[in-house]
Amino acid sequence: MLTVQNLSVSFTQYDTGLTQKQLTVITDLDLHVNAREVVAVVGSSGSGKSLLAHAVLGILPHNAQISGTILFKGEPLTRQRQASLRGKAIALIPQSISYLDPLMPVGRQVHQAARRAGVATTDIRQRVDHTFSRYELASTVKQQYPFQVSGGMARRVLVATAAVGQADLIIADEPTPGLHPDLVAETLNHLRQLASAGKGVILITHDLEAALQVADKVAVFYAGTTLEIAIAEDFVNGNLRHPYTQALWRSLPQNEFIPVPGAQPNPDALPDGCLFSDRCPLVTDACLTERPSLRLVRGAPVRCIHAEG
Amino acid sequence: MLKGEQLSFRYSPHHSWVLQDFNIQIAPSEIVGLLGPSGFGKTTVGKLLAGYLAPTSGSVTVEGQPLPTRGSCPVQLVFQHPELAMNPRWRIRQVLAEGQSPAPELLQALSIDSSWLSRWTHELSGGELQRIAVARSLNAHTRYLIADEMTAMLDANTQALIWQAVLDYVRQHEIGMLVISHEAPLLKRVCDRIIHIE
Ligand code: SF4
């Protein structure tokens, strides 16, 4: 459904005075999403995971330079095509209720989302009602303003705005920010059901644990690139390929809680070689000369020259 | 001992109680977890103990003394959003100086890169900024640290990195901690005991 290949995004930024800085925020990023599949994109803040969503939706700022390929249903996703598909075939579940219009009752916003998605005018009312009951939202919620709906309800409203249309691809950007575990489970469940209904779902999150609860595949982002796209079971089965993915798993509190020291490289000073090389316990000279390309190891793509089959 | 006794809080007599008759004690070197759903006043407990809010009734004491009203507070609070706790017009160097120059070992344990010091707060990622907030809060006057969802928005590796640095530091300096979180595995990993609010 969606294929992202060698995507790079950079910004030219003016520092104090006239000095220019080139910020490379996404470097050779790859992702593949099929229908009926939840693909989690996991990474820390600054790993480029939200920018990927913006790139797919075509809402990057105009000073962004983009290269690489984004295919949606086999056709290149150009700016025009993005504009015509956004909110229709491709829908976003935003991060927080603050993305909604604070001055408009939520019922009307879901209604508008349906219209924007191209639902026939005669069907909109029925579709909105159906979506409200589908997400256990009382019809009295329709009259409420965003600030009046409780945290759990707000989550369902956000999912409803994306699900009311007939989108084929749903992008959920950090849909469980610091939520209580019950709410996290509920939101993830909604994503799973959207996938079961035939959609492709991208779950963008910092929370590896949440990702593993629902995803079929987990794409691990780091410093703007895809380091590994693992099958969810690879984590529990000890079948991970990239040193960073292994470290991420090891660092969970329920595992060893041991971190790798250091931080992601800055986007204005990326190393020539592997982006993880300054923190990698397995680094050799060969890692420093060029960016490892994505290759298949034990059936999954990984960007590490020393990952073993 | 950091003690909150019969703590109650509401914004005004017209508002309902956010917290009522809550008691808590944290000993030096002790790490206490506070677990419970949102909306049960956990964050208020943290703010009261750190002096960010004054209790409507009840008292907060540190080693038997009320919290000082001026100077550096012995009870420091780190919360989920470091960007909200920093002056956006300052460079990182200035932000850190508020904490009266944190120990170099601490900066190193947090993997704070010296190149960050000349940057503006918006140039660092959330995980990098939270390391700065933690370094600032652990200064020579700090006796107790309240961590309110301190790593809730961070990836697992950054979470573990910050926690290992904090745990080492508080053990060494006999600092007591209150850890507010709804992540049970994290609390189980770091706390000596856990209080469940229902
Ligand atoms: S390519 Fe080298 S530095 Fe990069 S992850 Fe693999 S072993 Fe580590």
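Residue numbers run consecutively from 1 along every chain, following the written order of its sequence. To read the labels, note that chains go from A and ligands from 1, taken in the order they are written. Residues qualify for local features only when their pLDDT is at least 70, as the model is predicted, and side-chain atom pairs are given and counted only at 80 or more; totals for whole chains, interfaces and linings, by contrast, use all residues. Processing note: side-chain calculations cover all non-hydrogen atoms of the structure and skip hydrogens and water entirely.

Digging into the overall build of chain A
Thinking step 1. Check the secondary structure of chain A and you find 9 helices and 12 strands.
Thinking step 2. For the radius of gyration, the atoms used are the C-alpha atoms, and the globule rule reads 2.2 Å times the number of residues raised to 0.38. In summary, chain A has a C-alpha radius of gyration of 20 Å against a globular reference of 19 Å for 309 residues, a match within 12%.
Thinking step 3. Projected onto the principal axes, the alpha-carbon positions of chain A cover approximately 65 × 50 × 40 Å.
Thinking step 4. Once local pairs closer than 6 in sequence are excluded, the contacts in chain A between residues at least 24 apart make up 63%.
Thinking step 5. For chain A, the accessible surface area stands at approximately 13,300 Å², while carbon and sulfur atoms represent 51% of it. The way it works is that DSSP assigns letters per residue, a run of H or I at least four long becomes a helix, a run of E at least two long becomes a strand, and they are numbered from the N terminus. Between two residues, a contact is recorded if the distance between any of their heavy atoms is within 4.5 Å. Only the protein chains shown count as covering a residue, and every accessible area follows the Shrake-Rupley method with a 1.4 Å probe.

Re the confidence of the model for chain B
Residue and element names in this part refer to chain B.
Thinking step 1. Across chain B, the average pLDDT comes to 92, with 98% of residues at 70 or higher.
Thinking step 2. Known as pLDDT, the predictor's per-residue confidence is scaled from 0 to 100. Mean pLDDT per element in chain B: helix 2 (residues 92-97) is the minimum at 89, and strand 7 (residues 144-148) is the maximum at 97.
Thinking step 3. In the predicted assembly, ipTM is 0.88 and pTM is 0.90.

Some words on the sheet that holds strand 9 (residues 193-196) of chain B
Residue and element names in this part refer to chain B.
Thinking step 1. Pairing between two strands is assigned when DSSP locates at least 2 bridges connecting them. Strand order in this open sheet of 5 strands is 6-7-8-3-9, and the pairing throughout is parallel. The open sheet has two edge strands with one neighbour each: strand 6 (75-78) and strand 9. Here the strands of the sheet are splayed against their neighbours by 20° on average, with no regard to which way each runs.
Thinking step 2. In this structure, strand 7 lies alongside strand 8 (residues 176-181), joined through 5 bridges in parallel fashion. Residue pairing across strands places tyrosine 144 opposite glycine 176, the latter belonging to strand 8. Angles shown run from 0 to 180 degrees and are taken between the N-to-C directions of axes, each axis being a line fitted to C-alpha atoms and, for helices, limited to the stretch in contact.

A few points about the packing of aromatic side chains
Thinking step 1. In this analysis, rings of Phe, Tyr and Trp, with Trp reduced to its six-membered ring, are considered paired at centre separations within 6.5 Å, and the interplanar angle assigns stacked below 30 degrees, edge-to-face beyond 60, and tilted for intermediate values. Considering all chains together, one arrives at 5 aromatic pairs over all chains under this definition.
Thinking step 2. Definition used: whenever NZ (Lys) or CZ (Arg) falls within 6 Å of the ring centre and also within 35 degrees of the ring normal, the charge is taken to sit over that ring. Here the basic side chain of A:Lys142 rests over the ring of A:Phe132, its NZ or CZ set 5.3 Å away from the ring centre.
Thinking step 3. Residue placement shows B:Arg91 over the ring face of B:Trp120; its charged tip is 4.0 Å from the ring centre.

Digging into the interface of chain A and chain B
Thinking step 1. Taken together, the contact between chain A and chain B spans 33 residues of the former and 29 residues of the latter.
Thinking step 2. Buried surface at the junction of chain A and chain B, both sides included, amounts to about 2,400 Å², of which 53% is carbon and sulfur.
Thinking step 3. When the area that chain A buries against chain B is broken down by residue, the three leading residues are A:His206, A:Pro253 and A:Phe257, summing to 27%.
Thinking step 4. Salt bridges are counted wherever a side-chain nitrogen of Lys or Arg sits within 4 Å of a carboxyl oxygen of Asp or Glu. The interface formed by chain A and chain B contains 1 salt bridge.
Thinking step 5. Pairs of N or O atoms are called polar contacts if they sit within 3.5 Å, as long as, within protein, a hydrogen donor faces a hydrogen acceptor (for residues adjacent in sequence, only side-chain-to-side-chain pairs). Summed over the shared surface of chain A and chain B, the result is 12 residue pairs in polar contact (both at pLDDT 80 or more).
Thinking step 6. Residues were grouped as follows: Ala, Val, Leu, Ile, Met, Phe, Trp, Tyr, Cys and Pro as nonpolar; Asp, Glu, Lys and Arg as charged; and all remaining residues, including Gly, as polar. Tallied by class, residues from the side of chain A that touches chain B come to 14 nonpolar, 13 polar and 6 charged. Values labelled buried area give the accessible surface lost by two parts on being combined, using a 1.4 Å probe and summing over both.

Concerning a positive patch on the surface
Residue and element names in this part refer to chain A.
Thinking step 1. A surface patch of positive charge is lined by Arg79, Arg86, Lys88, Arg115 and Arg116.
Thinking step 2. Position of arginine 79 among the secondary structure elements: in helix 2 (residues 79-85).
Thinking step 3. Residue class for arginine 79 comes out partly exposed when judged on its relative accessible area of 38%. Two distance rules govern patches: like charges are joined within 9 Å, and nonpolar side chains (Val, Leu, Ile, Met, Phe, Trp, Tyr) within 5 Å, applied only to residues with over 30% relative accessible area and no salt bridge. Counting rule applied: Lys, Arg positive; Asp, Glu negative; His and chain ends not counted. Positions of charges follow a simple convention, taking NZ of Lys, CZ of Arg, CG of Asp or CD of Glu. Only protein chains enter the accessibility calculation, which uses a 1.4 Å probe; a residue is then buried when its area is under 20% of its type maximum, exposed when over 50%, and partly exposed in between.

Observations concerning the site of the ligand
Thinking step 1. Taken together, the neighbourhood of the ligand is formed by A:His242, A:Pro243, A:Cys274, A:Ser277, A:Cys280, A:Leu282, A:Val283, A:Cys287, A:Pro292, A:Cys304, A:Ile305 and A:His306.
Thinking step 2. Classifying every residue of the shell around the ligand by side-chain character gives 9 nonpolar, 3 polar and no charged. Summary of the distance rule: residues count as near a molecule or strand when at least one heavy atom falls within 4 Å of that molecule or strand.

A look at helix 1 (residues 42-49) of chain B
All names here are of chain B.
Thinking step 1. The element helix 1 is extensively covered by neighbouring structure, given that 6 of its 8 residues are classed as buried.
Thinking step 2. Along helix 1, the positions that sit buried rather than exposed are Lys42, Thr44, Val45, Gly46, Leu48 and Leu49.
Thinking step 3. Of the residues one or two after helix 1, glycine 51 is the one with positive phi, at around 80°.

Examining the pattern of salt bridges
Thinking step 1. Counted according to the given criterion, the structure contains 13 salt bridges over all chains.
Thinking step 2. Note that B:Arg136 and B:Glu98 form a salt bridge whose closest N and O atoms lie 2.8 Å from each other. Linking B:Arg136 in helix 4 (residues 126-137) with B:Glu98 in the loop between helix 2 and helix 3 (104-109), this pair joins segments that are 38 residues apart in sequence.
Thinking step 3. On the basis of relative accessible area, B:Arg136 is assigned to the buried category, the value being 13%.
Thinking step 4. For B:Glu98, a relative accessible area of 46% puts it in the partly exposed group.
Thinking step 5. Members of the salt-bridge network, linked through shared partners, are A:Glu228, A:Asp234 and A:Arg241.

Concerning the nonpolar core
Thinking step 1. In this structure, A:Ile93, A:Leu191, A:Leu194 and A:Val218 are the most contacted members of the largest nonpolar core, which totals 61 residues.
Thinking step 2. The greatest single-element share of this core, amounting to 7 residues, is contributed by helix 5 (residues 151-163) of chain A.
Thinking step 3. Residues B:Met86, B:Leu96, B:Met150 and B:Leu154 belong to the second largest nonpolar core, which totals 41 residues. Throughout, nonpolar core names a set of buried Ala, Val, Leu, Ile, Met, Phe, Trp, Tyr and Cys residues whose side chains join them through atoms within 4.5 Å.

Quick notes on the environment of B:Gly126
Thinking step 1. If you trace the backbone, B:Gly126 turns up in helix 4.
Thinking step 2. Here the alpha-carbon distance between B:Gly126 and B:Ile162, two residues 36 residues apart in the chain, equals 12 Å.
Thinking step 3. When neighbours within four sequence positions are excluded, B:Gly126 is seen to be in contact with A:Ser45, B:Pro82 and B:Leu154.

Considerations on the pairing of strand 10 (residues 225-231) of chain A
Residues and elements named next belong to chain A.
Thinking step 1. Most of strand 10 is tucked away: 6 of the 7 residues are buried.
Thinking step 2. Pairing of strand 9 (residues 217-222) with strand 10, which is carried by 6 bridges, proceeds in the antiparallel orientation. Paired with alanine 219 across the strands is isoleucine 229, a residue of strand 10.
Thinking step 3. Remark: 2 residues form the turn of the hairpin made by strand 9 and strand 10, two consecutive strands paired antiparallel; alanine 223 in that turn has positive phi of roughly 50°.

Some details on empty space enclosed by the protein
Thinking step 1. In this analysis, the protein atoms alone were mapped onto a 1 Å grid. Cavities are point sets where a 1.4 Å probe fits without being able to get out; pockets are open sets with protein on both sides within 12 Å along at least five of seven lines; lining residues have an atom within 4 Å of a point. Grid points are joined across faces, edges and corners, and a volume is the space filled by probe spheres set on the points. Here the structure, examined in full by the defined rule, presents 4 cavities of 30 Å³ or more.
Thinking step 2. Of the pockets and cavities examined, the largest cavity occupies roughly 110 Å³.
Thinking step 3. Lining the largest cavity we find 13 residues, and of these A:Ser44, A:Gln264, B:Arg131, B:Asp155 and B:Thr158 sit closest to its centre.
Thinking step 4. Elements supplying a minimum of two residues to the lining of the largest cavity: helix 4 and helix 5 (156-172) of chain B.
Thinking step 5. It is helix 4 of chain B that provides the largest number of residues to the lining of the largest cavity, a total of 3 residues.
Thinking step 6. Residue composition of the lining of the largest cavity, grouped by class: 2 nonpolar, 7 polar and 4 charged.
Thinking step 7. What the second largest cavity holds in volume is close to 90 Å³.
Thinking step 8. Lining the second largest cavity are 13 residues, with A:Cys274, A:Cys280, A:Val283, A:Cys287 and A:Cys304 sitting closest to its centre.
Thinking step 9. Here the lining of the second largest cavity is composed, by residue class, of 10 nonpolar, 3 polar and no charged.

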